[in-house]
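Architecture at a glance
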Amino acid sequence: MHITAAGLPYRTENLMRRERDGFAEMIEALALPKSQMDSDGMPSVLALIDCLKSDAAIVPYAAAFIVGRIQAGDAQPKLDAALRDLLQSHPEADIAIEAAMSLALRGDLKNAQIALQQLLAAPESTGDEYKAAFYLAQMGDVSGYPCMLAAAQDEIPHYRLMALRHMLVYMPWQGIQMGDFVIDVQKTLVDALKDDAEMVRMEIPFLLEEIQLPGLKNLLETVRQNDDSEMVRDAANLVLERLQ
């Protein structure tokens, strides 16, 4: 595993920590036999290339994520070429987004940005545009913020939650005017404490803790006392215990 900022100006330690925490799950998603893994539990280069070509949706997605976050020495050009081949094959949007980001992490920033901007501007929504916006922001491009904000207000709770989890990337621009929008991660997350869906509300205390929201103790004390959901109250209490 080799997860670094890779020269991207807004790829913060919080974002990299999330990737390190989820890296093992991506390896497991490949479902490779031991014969294709090395002694450190990492897939071989040939296995990764095969995984990028797999028809099983989760496998090329996980492989595309992994390729940008490992050290592969002399074999790296082969993996980079496999990523470009994957993008040219027009895979599902979520796979293409991961492939593009891995290219950026391997130094091909220009082609990565082009691919992500095209995915963000696709005429038909795939539900994954928020992730393209998330990766573009790590490169300093905040043009996807309206898309992220729209996803955070989607009628489907899952999409709202996915967008809210990724709003953190816009914290460096908190309060900045962008076209018709003022980037306000703090307000978006605080407002989500009143979301209709329990699955959304129960994650917000942790996301607010992550952005170090001023006045968080008082806010979560209100949640702990008043939210209708025991799971949401427990989440607020857990964060409050850490803040104490």
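Described below are features of the structure shown in this document. (Residues numbered from 1 in each chain as written. Predicted model: local features only at pLDDT ≥ 70, side-chain atom pairs only at ≥ 80, totals over all residues. Heavy atoms only, no water.)

Let us look at the overall build of the protein chain. When helices and strands are counted, the protein chain shows 14 helices and two strands. With the principal axes as the frame, the protein chain shows a C-alpha extent of 55 × 40 × 30 Å. For the protein chain, with 244 residues in total, the buried portion stands at 47%. For the protein chain, the share of sequence-separated contacts (at least 6 apart) that also reach a separation of at least 24 residues comes to 56%. A total accessible area of about 12400 Å² is found for the protein chain, and carbon and sulfur atoms account for 50% of it. Looking at the protein chain, you have 21 positive and 37 negative side-chain charges, and the mean spots of the two groups are 5 Å apart. (Helix = DSSP H or I, 4+ residues; strand = E, 2+ residues; numbered from the N terminus. Buried < 20%, exposed > 50% of the residue type's maximum accessible area, 1.4 Å probe, protein only. Contact = heavy atoms within 4.5 Å. Areas by Shrake-Rupley, 256 points an atom, 1.4 Å probe, with all protein chains shown as cover. Lys, Arg positive; Asp, Glu negative; His and termini not counted. Charge placed at Lys NZ, Arg CZ, Asp CG, Glu CD.)

Viewed as axis vectors pointing N to C, helix α2 (residues 45-52) and helix α3 (residues 58-67) meet at an angle of 130°, and their least axial separation amounts to 7 Å. The angle between the axes of α2 and α3 places the two elements in the oblique class. Remark: the crossing between α2 and α3 carries left-handed chirality. Contact residues: α2 offers L48, C51 and L52, while α3 offers V59, P60, A63, A64, I66 and V67. Among the residues making up the contact of α2 with α3, the classes are represented as nine nonpolar, no polar and no charged. (Axes fitted to C-alpha atoms, helices over the stretch in contact; angles between N-to-C directions. Parallel < 35°, antiparallel > 145°, perpendicular 65-115°, else oblique. Left-handed = near helix turned anticlockwise from the far one by under 90°. Nonpolar A, V, L, I, M, F, W, Y, C, P; charged D, E, K, R; others polar.)

Looking now at helix α8 (residues 145-152). Of all the residues in α8, the buried ones are Y145, M148, L149, A151 and A152. For α8, the angular spread of the buried residues around the axis is 160°, confining them to a single face. (Arc of directions from axis to C-beta.)

Let's shift gears to the nonpolar core. Across soluble globular proteins, you tend to see nonpolar side chains buried next to one another. I66, Y170 and I204 are the most contacted members of the largest nonpolar core, which totals 85 residues. If one sorts the elements of this core by residue count, helix α5 (residues 93-105) sits on top with nine residues. Leave out the neighbours within four places in its chain, and I204 touches L164, L189, A192 and L193. (Core = buried A, V, L, I, M, F, W, Y, C linked by side-chain atoms within 4.5 Å.)

Here we come to the pattern of salt bridges. Between side chains of opposite charge, a pair can form when the charged atoms approach closely. Applying the stated criterion to the full structure yields 12 salt bridges. Between E203 and R165 there is a salt bridge, with the nearest N and O atoms lying 2.4 Å from each other. With E203 in the loop between α11 (198-201) and α12 (204-210) and R165 in helix α9 (residues 157-166), this pair connects stretches of sequence that are 38 residues apart. Taken together, the shared-partner salt bridges connect R11, E19 and R69 into one network. (Salt bridge = Lys/Arg side-chain N within 4 Å of Asp/Glu carboxyl O.)

Bringing the packing of aromatic side chains into the picture now. Summed over the entire model, instances satisfying the criterion amount to five aromatic pairs. Taken together, a centroid distance of 6.2 Å and an interplanar angle of 80° make the contact between Y145 and F181 edge-to-face. A residue pair is termed long-range when its members are at least 10 positions apart, and Y145 in helix α8 and F181 in strand β2 (residues 181-182) qualify at 36 residues. A residue is classified by how much of its surface remains accessible, and Y145, at 1% relative accessible area, is buried. For F181, a relative accessible area of 29% gives the class partly exposed. In this structure an aromatic cluster arises from ring pairing among Y10, Y145, Y170, W173 and F181. Lying over the aromatic face of F65, R69 brings its terminal NZ or CZ to 3.8 Å of the ring centre. (Phe/Tyr/Trp six-rings, centres within 6.5 Å; stacked < 30°, edge-to-face > 60°. Lys NZ or Arg CZ within 6 Å of the ring centre and 35° of its normal.)

The geometry of a pair of packed helices is captured by two quantities: the angle between their axes and the separation between those axes. The interhelical angle for the contact between helix α6 (residues 109-120) and helix α7 (residues 129-138), taken along N-to-C directions, is 145°, at an axis separation of 9 Å. Here α6 and α7 pass one another in a crossing that is left-handed. Taking contact as the criterion, the partners of Q113, L116, Q117, L119 and L120 in α6 are, on α7, E129, A132, A133, Y135 and L136.

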